[in-house]
Amino acid sequence: MKTKIQKLACLCCLSAGISVLPVCAQDNAQEIQFDIQAKQSLFPVQSTMYGVFFEDINFGADGGIYAELVKNRSFEFQDALMGWIPFGTVKIEEKDPCFERNPHYVRLSFGQEITQTGLENEGFKGMGIKAGESYFLSTYARVQSKTPVRIRIELISESNHIFETKELTVSGNDWKKYQVTLTPQQTEKRAHLRLTLINPGTIDMDHISLFPENTYKKRPNGLRADLVEALKDLHPGIFRFPGGCIVEGTTRATRYQWKNTIGPVENRPTNINRWFYTFSYRKFPDYYQSLGLGFYEYFLLSEDIGAEPLPVLNCGLSCQYENDDMDEHARLDELQPYIQDALDLIEFANGSVSSKWGKIRAEMGHPAPFNLKFIAIGNEQWGSIYVERLKPFVEAIRAKYPDIKIVGGSGPQASGEEFDYLWSEMKNLQVDLVDEHYYRHPEWFLSNAKRYDSYDRNAPKVFAGEYACHTDTQANSFLAALCEAAFMTGLERNADVVQLCTYAPLFAHVDAWQWRPDLIWFDNLSVFKTPNYYVQQMYSRNKGTDVVKLTRNNQPVAGENDLYASAALDKQTNELIIKVVNTGMYRRSITWNLEGFADGKRTAKVQSLQSLDLGNTQLVPTESSIELDVPKAKLTIKPFSFSVYRIPL
Ligand code: AHR
């Protein structure tokens, strides 16, 4: 054990991620006391405080939480047969289409001179199929010939073996919807779907879709139940969607437009995904958005996971990293439709069933309002071009919906001239919250645990909308998670200023990702929660109702002796909640001076994430309990640990 510890480092010495592990000598003999005003509320913790930020990056939506298994079901990718392996006579047509906003469809002809005609879909790095479960294959089709055409439907394993076969007969010259249920008896992580014409004839097909029956709540056009459950388990208070850069689009034409994402899924126009490339070494030319997971589904998901929805809308700017050219941004005199989109979205979410947009929501299945309270305008924008576009949005939203909280942004930087400029402009515009983003090194997270202690209490509140600790490898790790936990004591201590926070990004497909670290990884069958996930969960499930003062020598506990701590009261359960992070290699003996506690004993519930392996990606929290003598409770804090203690008052 001694050898192992000596190989580890104190985090304050880590300047280059987990690959460099110097040993740091420290004095371990110091008397450490935390003074905790256990029963005196400083201010409430917002119920929305800890949340999730969803973006369709790393195949998080199509190929991820959106349970559709067919890639390019509408034949609308730039190469219309991308995702499909055609054989025999297969053509793309658009005359007399089934769906005017997704006009391309496939024509398959089979005659005597051809041995076989059909199509095979590769899914999203294959299709996850579970033995004994039902899958609905649906399509819109018509025959061009006089007689009906039979189609063989097969599921093919990775080793090219057919493990499920069904048949479908298409008849008539008009577009009609067909559905067949597949009940495979084999589990496959990377299956393919194959459709083959059985008898001679010509057939047109569009929107070829394969959905599991067991989506979350068995909803048609539904979501992967295991991924929704992983979100629910976080107990998120806020749900930010749909991005991220995806809101901006690589170009103005490919920006995210929420009105394209509602109504019948077949007619939602496919859009190229902003993340079809990220960096030159990771390109995904087959990354599109079917928009089957659209704004209605996002609102429903917010409701399902118990979080307040926080939609982000385009402010008239496309991705500023991609576009220096002003032609790719809306001019000020072109902004009105963008502003109208924001006003209409509020009506879609909250309007009565007799309003134009509220009626559409009701027709989609949700007559009750979604009770939207927040809206963000712009993602990671910067410069005066952002400020001058945000201003008319703020004026219009305030005039029509004065109760809606507006979120502005402070750009991609966490400090500096541009950041300061945007913050002062956000104050001038009197937005309610300012969205800050930081993807930074471990040292930044540790030294910024005090970041919000000195923020202006009379300014807009902070939404830490995108953050993650990036080591040099950018892999998920316990090191990164521990630094995030340490930093988050500062979010909690300043919950009067920081009212929302969301880690980013949320999801990543193990076989198709552009960006890491991410909170939750998945393949086509399973979910993998990271140590970073558990840090978020430990905060969110233990946020309490009110922050209380926790100090050492009258100072916040924010790094001295590698210790970080914060405390909250839970008025609902009548407990004091103490969070302690030890980012150092030494065990620490500390005393909690629990002011307000009478002499006695308490049994505290403890949840801990602890490991001497900072590269650990498999770590899960342990649960235990300890006996404490109060009001002066002595305890030992393990090295490299994050613990949450719940102590009955
Ligand atoms: O979370 C990944 C990306 O990081 C987001 O899309 C963007 O807002 C930020 O640059």
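Small disclaimer: the values here were computed from a predicted structure and weren't measured.

I'm lost on the environment of S608 in this one. Help?
Among the secondary structure elements, S608 is positioned in strand β31 (residues 600-610). In sequence terms S608 and Y534 are 74 residues apart; their C-alpha atoms lie 9.8 Å from each other. Excluding anything up to four places from it in sequence, S608 contacts M538, V620, P621, T622, F642 and S643. Separated by 2.5 Å, the side chains of S608 and S643 make a polar contact.

What's the story with the site of the ligand in this structure? I'm lost.
With respect to spatial proximity, the complete set of residues near the ligand consists of E55, G244, C245, W275, N379, E380, H437, Y439, E466, P505 and W515. In the model, an oxygen atom of the ligand is placed 2.6 Å from a nitrogen or oxygen of the E55 side chain. Here an oxygen atom of the ligand sits 2.8 Å away from a polar atom, N or O, in the side chain of E380. Coverage of the ligand by the protein amounts to 97% of the 280 Å² it exposes when considered alone.

Teacher, can you tell me more about helix α8 (residues 417-429) here?
Side chains three or four residues apart in an α-helix point the same way, a direct result of the helix having 3.6 residues per turn. Over its 13 residues, α8 runs 18 Å from end to end, which matches the ideal 18 Å to within 8%, given 1.5 Å per residue. Residues of α8 that are buried: F419, L422, W423, M426 and L429. For α8, the angular spread of the buried residues around the axis is 125°, confining them to a single face. Counted as exposed and oriented over 90 degrees from the buried face of α8: E417 and N428. Residues of α8 that are buried sit in contact with α7 (384-400), β19 (405-409), β20 (433-440) and β21 (461-469). Note on α8: the residue one or two positions beyond its end, Q430, has a positive phi of about 55°.

In this structure, what is going on with the pattern of salt bridges? I would like to understand it.
Side chains that carry opposite charge are capable of pairing whenever their charged atoms lie near each other. Under the defined criterion, the tally for this structure stands at 45 salt bridges. As a salt-bridge pair, R331 and E334 come within 3.4 Å of each other at their nearest N and O atoms. Take R331: its relative accessible area is 49%, and that puts it in the partly exposed class. Judged by relative accessible area, E334 falls into the partly exposed class, the value being 23%.

Would you mind going over the pairing of strand β33 (residues 632-637) with me for this structure?
The two faces of the sheet receive side chains in turn, since in a regular strand these alternate between them. Here β33 shows a clear split, with A633, L635 and I637 buried on one side and none of K632, K634 and T636 buried on the other. As judged from the six bridges shared by strand β30 (residues 588-595) and β33, these two strands associate in the antiparallel manner. Looking at the pairing, I590 lines up with L635 of β33.

Is there a simple way to think about the sheet that holds strand β25 (residues 527-529) in this case?
Backbone hydrogen bonds are what pair the strands of a sheet, in a parallel or an antiparallel way. Strand order across the open sheet formed by three strands is β23-β24-β25, with mixed pairing between neighbours. Both edges of this open sheet fall to β23 (507-509) and β25, since each of them pairs with a single strand only. Direction aside, the axes of adjacent strands within the sheet are offset by 25° on average. As paired strands, β23 and strand β24 (residues 520-522) are joined by three bridges and run parallel to one another. Considered in β24, the bridge of H509 is made with F522.

Rules behind the numbers
- Residue numbers here run from 1 along each chain, matching the order of that chain's written sequence.
- Side-chain atom pairs in this predicted model are given and counted only at pLDDT of 80 or more, local residue features only at pLDDT of at least 70, and totals for whole chains, interfaces and linings cover all residues.
- By convention in this description, side-chain values take in all heavy atoms of the structure and omit both hydrogens and water.
- Comment: elements are numbered from the N terminus, with helices defined as DSSP H or I runs of at least four residues and strands as E runs of at least two.
- Here, two residues are considered to be in contact whenever any of their heavy atoms come within 4.5 Å of each other.
- Pairs of N or O atoms within 3.5 Å make up the polar contacts considered here, provided that, within protein, one atom can donate a hydrogen while the other can accept it, and that residues adjacent in sequence are counted only when both atoms are side-chain atoms.
- We call a residue near a given molecule or strand whenever any one of its heavy atoms falls within 4 Å of it.
- All accessibility values rest on the Shrake-Rupley procedure with a 1.4 Å probe; residue burial counts only the protein chains present in the view.
- In this scheme, a helix's expected span is set at 1.5 Å multiplied by one less than its residue total.
- Exposure is judged per residue with a 1.4 Å probe applied to protein chains only, and the accessible area is read against the type maximum: over 50% gives exposed, under 20% gives buried, and values in between give partly exposed.
- Arc definition: it is the arc formed by the directions from the helix axis to the C-beta atoms.
- We define a salt bridge as a side-chain nitrogen of Lys or Arg found within 4 Å of a carboxyl oxygen belonging to Asp or Glu.
- Being paired, for any two strands, means DSSP has found at least two bridges between them.
- Between the N-to-C directions of two axes lies an angle of 0 to 180 degrees, each axis being a line fitted to C-alpha atoms and, for a helix, fitted only over the stretch in contact.

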